[in-house]
Amino acid sequence: MSLIKRIAPFFAARIRENHRLLSSSASALREASSSPLTSPDDIHPTDSCIQRMKELWESEGSCSEKLLRLSVETGGCSGFQYVFDLDDKANSDDRIFQRDGVKLVVDNISYDFVKGATVDYVEELIRSAFQVTTNPSAVGGCSCKSSFMVKQ
């Protein structure tokens with residue numbers, strides 16, 4: 001009987017510890033399953049990009065439903081150039097990337113040129129603009145970061 005009294009607190013402590021570990025693992029699993037999965041090919045808007053879109057929404061009341069559209073066109077000093085627009089709606093062939101309520105849309109043809117890219121809002125002395133700061137599909141570009149060359 002004295003042996004049971006001596007080991008009972010040890011087992012009770014182990015049971016409490018296991019229960020705590022299982023509870024925290026279950027809550028972490030629920031959080032992970034409720035958050036949307038991201039892909040390396042997603043377009044990634046930075047915090048600065050998200051903040052600027054929200055500032056635009058606040059400055060114009062009717063602008064709150066606007067989407068940031070990224071497209072790629074031929075031209076620029078490197079062969080292709082990025083084009084940013086504010087748009088009212090997404091088209092049926094658009095890919096939509098959403099973060100903190102801000103939607104960034106890219107048409108399917110442009111998407112092939114910007115898979116995995118990062119979109120930022122940059123304020124410089126000469127301009128303030130949305131920019132693609134990193135693009136895994138690009139091998140080079142001009143210093144203004146508005147045009148690029150694609151990998152062959």
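Residues numbered from 1 in each chain as written. Predicted model: local features only at pLDDT ≥ 70, side-chain atom pairs only at ≥ 80, totals over all residues. Heavy atoms only, no water.

Q: Before we go on, may I ask you to explain the overall build of the chain in this structure?
A: Counting secondary structure elements, the chain contains 3 helices and 9 strands. Scanning the chain from its N terminus toward the C terminus, one meets helices and strands in the order α-β-α-β-β-β-β-α-β-β-β-β. Relative to its full complement of 152 residues, the chain shows a buried share of 32%. Taking the intrachain contacts of the chain between residues at least 6 apart in sequence as the baseline, contacts between residues at least 24 apart amount to 47%. (Helix = DSSP H or I, 4+ residues; strand = E, 2+ residues; numbered from the N terminus. Buried < 20%, exposed > 50% of the residue type's maximum accessible area, 1.4 Å probe, protein only. Contact = heavy atoms within 4.5 Å.)

Q: Please explain the nonpolar core as it appears in this structure.
A: Here is a general trend for soluble globular proteins: nonpolar side chains tend to be buried in one another's company. Counting residues in hydrophobic clusters, the biggest one holds 25 residues, and the most contacted among them are Ile-43, Tyr-82 and Val-119. Of all the secondary structure elements, the ones that give two or more residues to this core are α2 (47–59), β2 (67–74), β3 (80–87), β5 (102–107), α3 (108–114), β6 (118–123), β7 (128–134) and β9 (147–150). Setting aside chain neighbours within four positions, we find Ile-43 in contact with Phe-97, Leu-104, Val-106, Tyr-111, Val-114, Lys-115, Gly-116, Ala-117 and Val-119. (Core = buried A, V, L, I, M, F, W, Y, C linked by side-chain atoms within 4.5 Å.)

Q: Quick question: what am I supposed to make of the sheet that holds β7 here?
A: Think of a sheet as strands paired side by side through backbone hydrogen bonds, with each pair either parallel or antiparallel. Taken together, 3 strands build an open sheet; the order of strands is β1-β6-β7 and the sheet is mixed. Sheet topology places β1 (44–45) and β7 at the edges, where each strand pairs with a single neighbour. One ladder, built from 6 bridges, connects β6 with β7; its direction is antiparallel. Considered in β7, the bridge of Thr-118 is made with Thr-134. (Pairing = 2+ DSSP bridges.)

Q: Quick question: what am I supposed to make of the pattern of salt bridges here?
A: Here the idea is simple: oppositely charged side chains can pair when their charged atoms come close. The full count for this structure, using the stated rule, is 7 salt bridges. Where Asp-87 meets Arg-69, a salt bridge forms, and the shortest distance between an N and an O atom there is 2.7 Å. Taken together, the residues span a long stretch of sequence, with Asp-87 in strand β3 and Arg-69 in strand β2 at a distance of 18 residues. Here the salt bridges share partners, and the residues they tie into one network are Asp-47, Arg-99 and Asp-100. (Salt bridge = Lys/Arg side-chain N within 4 Å of Asp/Glu carboxyl O.)

Q: Is there a simple way to explain the pairing of β3 in this structure?
A: Along any regular strand the residues' side chains alternate between the sheet's two faces. With 8 bridges joining them, β2 and β3 adopt antiparallel strand pairing. Note on β3: the bridge partner recorded for Leu-68 is Leu-86. From the end of β2 to the start of β3, which pair antiparallel, there are 5 residues, and Gly-75 there has a positive phi angle of about 135 degrees. Judged from the 2 bridges that link them, β3 and β9 form a sheet pairing that is antiparallel. Its bridge partner being in β9, Gln-81 is matched across the sheet by Ser-147.

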